[in-house]
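Here are the chains, one letter per residue:
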Amino acid sequence: MALALTVLMGAAALAVDVGYWRYQQRVEQSAADSAAIAGAGELAWPASADVSAAAKKDASSNGYTDDGGANVQVTVNNPPASGAYQGNTNAVEVIIAKKQPLWFGGVFGNTAQWVKVRAVSTLNTSGFYCIYALGGNINLFGGGQGGITAPSCGLVTNKDLDVTGMATVDASLVGYVGLPPSGGTYTLAQPTKSLPVTDPCPTIPGCAYLTDLTLHHPELLHTGCRTFPGPDPLPPGEYCVQLSGTLHLAPGLFVLDQGIASSNVSGTGVTIYNGGSAGYTLNGNLNIVVSAPTTGPTAGMVWYQPPSNTGAIVKNGSSGTVDFAGGFYAPTSNMTFNGHLPTISLLVVNSLTMNGGGITVPTAGMLQRSGHGVLAE
């Protein structure tokens, strides 16, 4: 019996302990993959890059906080210290090791087992996401009409990619975290299961600047209410009433406390900060042609809606032109286009729905970006 019990305990150790280690190894591997991508993403901004801090912060958010090697150790190497990318300064290696308990193996004198995983990510400068649905689906409906045209960049949703009928997706990257599409035509890249993506705003200088104003310097946004109606073109500044009518905007930053009514809008070198709680609804034959500044702290950003504003963005009707040359940022808003094809250089929303219409991202967009992390090993 004693001999048999020893054999049984050894078998249990192999079945339970080793199985548990394998499960934990898979969880650790996901965390290492995510941390490596976060670290490589920092390389896009070499002047302020903190690769190790970014990777360790990401690992910690996934449950692996380095405690000096007592139970968890997170090692970040840029360039990698081993493997195919050893010495490559555009690559980041993350090694996560964690002590795992022995349930049955402890009978043989062992108390814990280190489980170690490794991941390598590189900085990819050849392809970018330019359409993000951070919290909801991307829905493309409408038999055969519209879709997404983004041949030099890609789209990604942190939930489901719902494409029906003959909607066309012409993009270099097509990613989804939840469920795959059941229809659609994909001319450049097929839909691919993706890791969850984070808000790209911190990697875009103009967007990061507006976030900093929102969180730390609201006095630079709320400088006093300008008179409306005002001169033509309308000067930049804070407007405490809803703007309406035909609007010709002078270059600069427009801070809107009550949003814009359904209106024709035009302007060059313009950034619209849509504060308050109002979204943006466009009805009928309207022309919206606005381009972002090319220089200055808000360069590249044409529309910024802070996360506190969840107001929806809606366009009804197939007439008129909607052209936002620059970054359109509304991370908690649901965007819906009914029968229209707008042009936007970068789109960050909560969810995106297109009923018979779609979005075009021009090849020569106004928003300059430097790359993102891609898993390599």
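Residues numbered from 1 in each chain as written. Predicted model: local features only at pLDDT ≥ 70, side-chain atom pairs only at ≥ 80, totals over all residues. Heavy atoms only, no water.

A. Representation of helix H3 (residues 205-216). In this model H3 runs 16 Å from its N-terminal to its C-terminal C-alpha over 12 residues, within 8% of the 16 Å that 1.5 Å per residue would give. Where H3 is concerned, the buried positions are Gly-206, Cys-207, Leu-210 and Leu-213. Looking straight down H3, one finds its buried side chains confined to an arc of 120 degrees; they lie on one side. Residues of H3 that are exposed and angled more than 90 degrees away from the buried face: Leu-215 and His-216. Lining the buried residues of H3 we find strand E13 (252-256), strand E15 (270-274), strand E18 (301-304) and strand E20 (320-338). (Helix = DSSP H or I, 4+ residues; strand = E, 2+ residues; numbered from the N terminus. Expected span 1.5 Å × (residues − 1). Buried < 20%, exposed > 50% of the residue type's maximum accessible area, 1.4 Å probe, protein only. Arc of directions from axis to C-beta. Contact = heavy atoms within 4.5 Å.)

B. How the structure looks around the state of the cysteines. Following the criterion strictly, the structure yields three disulfides and no others. Residue Cys-130 pairs covalently with Cys-153 via a disulfide, S to S 1.9 Å. For the disulfide bridge between Cys-130 and Cys-153, the dihedral angle about the S-S bond is near 65 degrees, and by the sign convention the bridge is right-handed. Here Cys-130 is found in strand E4 (residues 129-133), whereas its partner Cys-153 is found in strand E6 (residues 147-157), with 23 residues between them in sequence. For the residue pair Cys-130 and Cys-153, the accessibility class agrees, reading buried in each case. Covalently, Cys-201 is tied to Cys-207 through a disulfide, its sulfur atoms 2.1 Å apart. (Disulfide = S-S within 2.5 Å.)

C. Structural view of the packing of aromatic side chains. According to the stated counting rule, one finds nine aromatic pairs in the structure shown. Their ring planes at 15 degrees and their centres at 6.2 Å tell us that Tyr-239 and Phe-254 sit as a pair that is stacked. In this pair, Tyr-239 sits in strand E11 (residues 237-239) while Phe-254 sits in strand E13, placing the two residues 15 residues apart along the sequence. Since its relative accessible area comes to 0%, Tyr-239 is described here as buried. You can call Phe-254 buried: its relative accessible area is 1%. (Phe/Tyr/Trp six-rings, centres within 6.5 Å; stacked < 30°, edge-to-face > 60°.)

D. Seen up close, the pattern of salt bridges. As enumerated under the stated definition, the model contains three salt bridges in all. The partner of Glu-93 in a salt bridge is Arg-118, and the shortest N-O contact between them spans 2.6 Å. Taken together, the residues span a long stretch of sequence, with Glu-93 in strand E2 (residues 91-101) and Arg-118 in strand E3 (residues 112-124) at a distance of 25 residues. The exposure class of Glu-93 is buried, given its relative accessible area of 0%. The partner of Glu-377 in a salt bridge is Arg-118, with the nearest N and O atoms 2.8 Å apart. A residue pair is termed long-range when its members are at least 10 positions apart, and Glu-377 in the segment after strand E23 (372-375) and Arg-118 in strand E3 qualify at 259 residues. Among the ionic contacts, a cluster of salt bridges with common partners joins Glu-93, Arg-118 and Glu-377. (Salt bridge = Lys/Arg side-chain N within 4 Å of Asp/Glu carboxyl O.)

E. Up close: helix H2 (residues 51-61). Looking only at H2, the buried set comprises Val-51, Ala-54, Ala-55, Asp-58 and Ala-59. Along the axis of H2, the buried residues cluster in a sector spanning 130 degrees; they form a single face. Of the residues in H2, the exposed ones pointing more than 90 degrees away from the buried face are Lys-57 and Ser-61. Looking at the residues trailing H2, positive phi occurs at Gly-63, about 100 degrees.

Remember that the coordinates give geometry; whether it matters functionally is a separate question.
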